[in-house]
Every structure is written in C-alpha cells, then in structure tokens.
Amino acid sequence: MDEIGRLERLREEVPLPRPEELDPERGRLHAAIAAAPPRTAPRRPYPLGFGLRGLGLKVALATGVAAAVTVPLIMTGGDPAIETFTPDRVRLSAAQVLDLAAETASREEELNPRPEQYVYTESQTMYGSFAMTVDENAKANSSSGPGGQSRYLYRTERRIWLSADRSRLGALMIKHLEPRPYPGWPLPAHAKDDVGQVERLPLDDCGRKGPDWSRTDAVYLRSLPTDPEAMREHLYSGQDGKEGADRDYAAWNRAREMLMETYLPPAQRSALFRAAGLIPGVQLVDRAEDAAGREGIAVAKIHQGVSEELLFDRLTYRFLGERAVVTDESQAKSPVGSLIASTAALKVEVADGLPDFAKGFVPGRQCTDVADGEAPPASND
Amino acid sequence: MNPPHPAVVVPEDDAAVMGRSRDEPEAFAELFERHAAEIKRYVIRRLGADHAEDVVAETFLVAFRRRGSYDPARSDARPWLYGIATNLIGRHRRTEIRLLRVVERTGADPVVESFTERSDTRVSATAARRSLAAALARLPAAHRNALLLLAWGGLTYEETAAALGVPIGTVRSRISRARTKMRAALGGADPTALREETTHG
C-alpha cells in the first residue's frame, strides 16, 4: 500500500454523521436563512445620524441613563469579518422565555431605595461609534470606510450612581477598554486614544427632566403597574407620530432602557418581561453571550437589519444584558452575524451617597454652553 | 407526513440551487443537506469532534453569506465548501497539531477513540499510525491542506486547486513534496523520522 492508501485509512473509523447529528449546525444555518430577507425586498437606508464617539456617554448625560440605541460585543480578536456570533433558533418560544424570566424576576430581592439615596450599577459595554469625516480627503484616508465614514466598537466598564428620584447630580466612572473593529470596517487610528484611561464625570440633567414616560429613576419605576397588560401600555406611551412597526420597536427599546443602569423592583420587572412578550415580532435567539462572556439565551426584535436582543441566563433566566447582531448586511453595512453591541449588567446596589470623586461637582456647571437638545460635552472629549 | 425533501425527477445541480438561493434564501438549506455530513466527517478527522460543530456551522454560514459570489459554472459545490472549511480549520491549527502529536507519542488517537469501542493494539497498525501522524504534523499547513483534501476529502487535483484557490501546478507540487515526506516517514529511511522515533519511543 502506498502512502496515500495508508493515509486514507488514518482515522477512517470516523463515521459519516447521521442527519440528526447535524442538528446544531442546521439550526444555526436555518436561523441565518430566516433572518435574511429575499434579495428583492426593499431596503431602507441605514441611519447614520449618530454623532461622534462617546455617543453612549452623551446620551447618558442627557437623560441620566444609558439609553443606548445600540450595544456591545465580545470578540476574541483576529479577523473581525470571521469572528462573529450567529443567532440560533430553538424550540422554546420567546414568550415562554420571557415568562420564565418574569418568574425569576418576581423572586428577586427588593432593594427599596429611598428617594434621597442612589442606585449604583456596574456594567460592561460595547457599542458602535459612528463618525462622518468632514475632511474632503477622507475618501483617500485608509482608516475611513465608504464615503469617509468611520466606525468602531468602543468598550468600557461603567460604574454609575444615579439619584433615586432624579433630584440630584449623579456620577459616572468609565474605564476605557481596548476597542474592537466594527466588522467590515477598518479600525480608525483615534479609536485607541482613551484606552486604559478612567474618566470620572458628573451627571447633570441640566434641568431638563423630560416627560414621565421617559423616566427610568427608581422612584418612578416603582410607581409603574405590575400588571403585564398595563405595563405594555406604558411601553407604548409617548409615541406621538409613530406608526405600525415603529411603535413596536419603540416599545422594545423602552423595555431595554428600563433594564440597564436602573433599579426595577421585582413586581415591575416581572411585568416588564411579560409585557415584552406581547410586542409583535419578538423572537427567540439561542446561544447568546453577554459582554462578560456569560452564556445566555436571548429574545430579539429585528430592526433595520439588526437583531436587538435581551439576554437571560440559560438556567436561571436572570437578566444578563443586551446584544445587537447583524441580520442584513445591506441595511447594517456589516456582515451578517457580526456582533455590533454587547452589554453585561453586573451589579446593582443602593448607595447612600456619591463617591468621593464627585464631592466637588457643582450642579449646573456642565450646562452653561449646551446647545438646545444636546448634552454637555464630556470632560476630555 | 411529508418526506424531508420533495422528490424531484431531475435533480438540480449545486450551481442551480445556489443561484435560486440568491432570491430564495431558504433554498440554500438543500446544499446543507447534500454536503454537511461529508464536510463534518472531514472536519472531525482533522480537528476531532469537539471543534467540528462550530467549524461546520460557520462553514455553511460563510457559504450562505457568500452565495452571491459562487461561480455558476461549477456544478458541484463540494470544492468550494471544502475550501471554506479549510480556512476555518486553519484557525485551529494548534489543536490539529496537538492531536497528531498525541498519536505520534502514544499510538492512541483521541480523534478516533470516541467513535470506536475496540482498542486497536496491532503493533504494525499502531506504528504506521504514529509515523503518519508525525509526518502530517510536520508538514507545512498549505501542504497538509492539499494532501488531506485529496486523501480524506476525496477531491481531485483540479478540485483541490479550486478549493484552495491556487493553480493546479501548485497543488501538484505541494502534494508531491508531501507524499515524499510521508513515504520517508513510513519507510523509516528519513533520519529525522528515526530520531523522532527514538526520542519519543
């Protein structure tokens, strides 16, 4: 027998897998197929209205919470176009998973912060940073993508202190972690400028309190209904001018905003998860990992080519964090399966006061030259 | 009850299914049913069962994403799929080498053990296995890819060239050099192989 013959016999004991032994791979493919629109489907332009780097921070300053529209990701390095996660459909329904999450939430500890106290949370986040380069030579700049745009994924550890009744200043401590390329886009040179730095910032709403439906402070959240149907009405409130699917997406976003960097008591939390299950188009995704690497199961709403997900522990159904995964390359301008946002909610506690670094913060000082509708600039931005 | 796949009188070739899947994404599932088992067996033989699931799933996800760039002149999608799988296998090169080294040192093959109950203690088979594994581990990755697509993937030289995206002459040269090394390892004529045998024996 020649060497090829001998080689052919090496490991020939490995059998051809039976069809059912390919179920996990088949499941992941079918999920990707289901998420892909027919080629002839109308395409909506990707919204590029977001501002500069630090979007999440500015939103946080403006509203007092991380009302992030997009989210974070964990990648292990290497080729960003290949290092991707993919939704995976499983047999449980999204509503069933949300019911299980509601059961778990209803048994969680009641923190009961007093109005003068603070809600302290820790999280890890990865969000997209989008910039339009105004330089006319931008197209020749190798660190810019099509049309002089640049994108990357910035990652941070966040510690935030928020007034329980939103009557006082808050404080935010951000540690900047190594950024990731936005899949399909080159990493711009400035993306690493802040890596390793820790920022300590005051959070001042500058007197703009916003309508009640947008509030996420602890005192307001505990006044919300504990009945799922009534909670659903809250999710859909304040939506003047929106119609159809936009209303459903806005409701889904409202639910997400009530979960990160907030304290939502067990009864309202339970109602929120059941209400989220009533939003049309919410679907289940398997195999979702949060920003801290915790394995979870996710429920998702797909919006403009991106699957925006809430993650739950696979065993306990405790809320873990959020994730965003590309499902349509033409809309999201990034390969299908790319993780473009990821968060992990790591801790929530009640604090009696602000941390020492915030002692010198003066209300209003950040607010002097803020244009209408914009947040104050970050200290070193 | 419906059969898993509708019977067709004249089966479409892979290129036709691929073309249809551009506008009907669900048609792509047929290509998985046709080829996934074969691809998975190949991946298991190279990386063991632990890594095969991810590599095979990713192979078909990448193929699905790139279906628009498939060359419609190629009626058989296997070389293309093997090429994608080969790239993904390359990300686990250390795993592949580590498994081959185990075979080289111990004569027992962890890749095979989970699939077989008998413990093969025939000395000659074990010796040949150890030599083959040792030689495979020492090949340059590009040579190992070509050789194993031929021996384990059952691809022709031309298909191997298509899978790897290199000219057929390159494939011939890689396989020729790889075969020489394998032959030397099996014959024990290669002083390098002998020294390794002594060291680890």
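Residues numbered from 1 in each chain as written. Chains lettered and ligands numbered in written order. Predicted model: local features only at pLDDT ≥ 70, side-chain atom pairs only at ≥ 80, totals over all residues. Heavy atoms only, no water.

**A look at the overall build of chain B**
Point 1. For chain B, the helix and strand inventory stands at 11 helices and 0 strands.
Point 2. What you see in chain B, going N to C, is helices and strands ordered as α-α-α-α-α-α-α-α-α-α-α.
Point 3. Summarising the internal contacts of chain B: among those between residues at least 6 apart in sequence, 64% fall at separations of at least 24. (Helix = DSSP H or I, 4+ residues; strand = E, 2+ residues; numbered from the N terminus. Contact = heavy atoms within 4.5 Å.)

**Thoughts on the overall build of chain A**
Point 1. Helix and strand counts for chain A stand at 9 helices and 9 strands.
Point 2. The buried share of chain A, reckoned over its 381 residues, is 54%.
Point 3. Restricting to contacts in chain A with at least 6 residues of sequence separation, those with at least 24 account for 71%.
Point 4. Entry remark: accessible area of chain A is about 16,600 Å², with carbon and sulfur atoms responsible for 50%. (Buried < 20%, exposed > 50% of the residue type's maximum accessible area, 1.4 Å probe, protein only. Areas by Shrake-Rupley, 256 points an atom, 1.4 Å probe, with all protein chains shown as cover.)

**Brief notes about the interface of chain B and chain A**
Point 1. If you look at the interface, chain B gives 49 residues, while chain A gives 38 residues.
Point 2. For the pair chain B and chain A, the two sides together bury roughly 4,000 Å², of which 63% comes from carbon and sulfur.
Point 3. Seen at the junction of chain B and chain A, the total is 8 salt bridges.
Point 4. When the shortest N-O distance is used, the salt bridge between Asp2 of chain A and Arg179 of chain B registers 3.2 Å.
Point 5. When contributions to the side of chain B that touches chain A are tallied by element, the ones reaching two or more residues are helix H1 (14–23), helix H2 (29–47), helix H3 (49–65), helix H5 (93–106), helix H6 (110–113), helix H7 (123–138), helix H8 (141–151) and helix H10 (168–187) of chain B.
Point 6. Looking at which element gives the most residues to the side of chain B that touches chain A, the answer is H2 of chain B, with 11 residues. (Buried area = accessible area lost by both parts, 1.4 Å probe. Salt bridge = Lys/Arg side-chain N within 4 Å of Asp/Glu carboxyl O.)

**Section: unusual backbone geometry**
Residue and element names in this part refer to chain A.
Point 1. In this structure, Arg11 is a non-glycine residue whose phi angle is positive, near 60°.
Point 2. Positionally, Arg11 belongs in the loop between helix H1 (3–9) and helix H2 (23–35).
Point 3. Notably, Arg166 is not glycine yet its phi reads approximately 55°, a positive angle.
Point 4. Note that Arg166 resides in the loop between strand E2 (149–163) and strand E3 (170–181).

**Remarks on the confidence of the model for chain B**
Residues and elements named next belong to chain B.
Point 1. Here chain B averages 84 in pLDDT, while 84% of its residues score no lower than 70.
Point 2. Across chain B, H8 holds the top mean pLDDT of 96, while helix H11 (residues 191–200) sits lowest at 40.
Point 3. Segment residues 1–10 is flagged for pLDDT under 50; beyond a separation of four residues in sequence, or across chains, it makes 2 contacts in the model.
Point 4. Across residues 189–201 the pLDDT falls below 50, and counting only partners more than four positions away or on other chains, this stretch makes 11 contacts in the model. (pLDDT = per-residue confidence, 0-100.)

**Focus: the pairing of E2 of chain A**
Residue and element names in this part refer to chain A.
Point 1. By the criterion of burial, E2 is predominantly enclosed, with 13 of the 15 residues buried.
Point 2. By the bridge criterion, 9 bridges tie E2 to E3 in an arrangement that is antiparallel. Paired with Ile160 across the strands is Leu172, a residue of E3.
Point 3. Between E2 and E3, which pair antiparallel one after the other, the connecting turn spans 6 residues, and Arg166 there sits at a positive phi close to 55°. (Pairing = 2+ DSSP bridges.)

**A short note on the environment of Val336 of chain A**
Point 1. Mapped onto the secondary structure, Val336 of chain A falls in the loop between helix H9 (329–332) and strand E9 (339–351).
Point 2. Contact partners of Val336 of chain A, with chain neighbours within four places excluded, come to Val326, Thr327, Asp328 and Glu329 of chain A together with Arg65 of chain B.

**Description of the pattern of salt bridges**
Point 1. Tallied over the full model, the rule gives 38 salt bridges over all chains.
Point 2. Measuring nitrogen to oxygen at the nearest pair gives 3.9 Å for the salt bridge that ties Asp356 of chain A to Lys359 of chain A.
Point 3. According to the relative accessible area criterion, Asp356 of chain A is exposed, its value standing at 64%.
Point 4. Between Arg65 of chain B and Glu58 of chain B there is a salt bridge, with the nearest N and O atoms lying 3.9 Å from each other.
Point 5. Several salt bridges share partner residues, and in doing so they unite Asp2 and Glu3 of chain A together with Arg179 and Arg183 of chain B into one network.

**Description of the nonpolar core**
Point 1. Within the largest apolar cluster, 65 residues are counted, with the highest numbers of intra-cluster contacts made by Leu7 of chain A together with Phe28, Val43, Phe60, Leu136 and Leu147 of chain B.
Point 2. Those residues in contact with Leu7 of chain A that lie beyond four places of it in its chain are Arg45, Leu132, Leu136, Leu147, Leu148, Ala151, Trp152 and Met182 of chain B.
Point 3. Counting residues in each nonpolar core, the second largest holds 33 residues, with Ala101, Ala105, Tyr236 and Leu284 of chain A among its members. (Core = buried A, V, L, I, M, F, W, Y, C linked by side-chain atoms within 4.5 Å.)

**Details of the side chain of His176 of chain A**
Residues and elements named next belong to chain A.
Point 1. Of note, His176 is situated in strand E3.
Point 2. A residue is classified by how much of its surface remains accessible, and His176, at 14% relative accessible area, is buried.
Point 3. Setting aside chain neighbours within four positions, we find His176 in contact with Arg155, Thr156, Asp194, Val195, Gly196, Gln197 and Glu199.

**Some remarks on the packing of aromatic side chains**
Point 1. A full pass over the atoms with the stated rule returns 10 aromatic pairs over all chains.
Point 2. Measuring from centroid to centroid gives 4.9 Å for Phe32 of chain B and Phe60 of chain B, while their planes differ by 65°, and the two rings are edge-to-face. Here the residue Phe32 of chain B occupies a position in helix H2, and Phe60 of chain B occupies one in helix H3, the gap between them amounting to 28 residues. Both residues of the pair, Phe32 of chain B and Phe60 of chain B, count as buried.
Point 3. Taken together, the ring pairs in this structure connect Tyr120, Trp161 and Phe357 of chain A into an aromatic cluster.
Point 4. The side chain of Arg151 of chain A reaches across the aromatic face of Tyr182 of chain A, ending 5.0 Å from its centre.
Point 5. Directly above the aromatic system of Tyr157 of chain B lies the positively charged group of Arg172 of chain B, at a separation of 5.0 Å from the ring centroid. (Phe/Tyr/Trp six-rings, centres within 6.5 Å; stacked < 30°, edge-to-face > 60°. Lys NZ or Arg CZ within 6 Å of the ring centre and 35° of its normal.)

**Some points on H5 of chain B**
Point 1. Taking 1.5 Å of rise per residue, 14 residues should cover 20 Å, and H5 of chain B covers 20 Å from first to last C-alpha, within 8% of that figure.
Point 2. Looking at H5 of chain B, one finds that the buried residues are Thr95, Glu96, Ile97, Leu99, Leu100, Val103 and Glu104 of chain B. (Expected span 1.5 Å × (residues − 1).)

**Describing the confidence of the model for chain A**
Point 1. The share of residues in chain A with pLDDT of 70 or more is 77%, and the mean pLDDT across the chain is 78.
Point 2. Taken as a whole, residues 369–381 of chain A scores under 50 in pLDDT and shows 22 contacts with residues more than four places along the chain or in a different chain.

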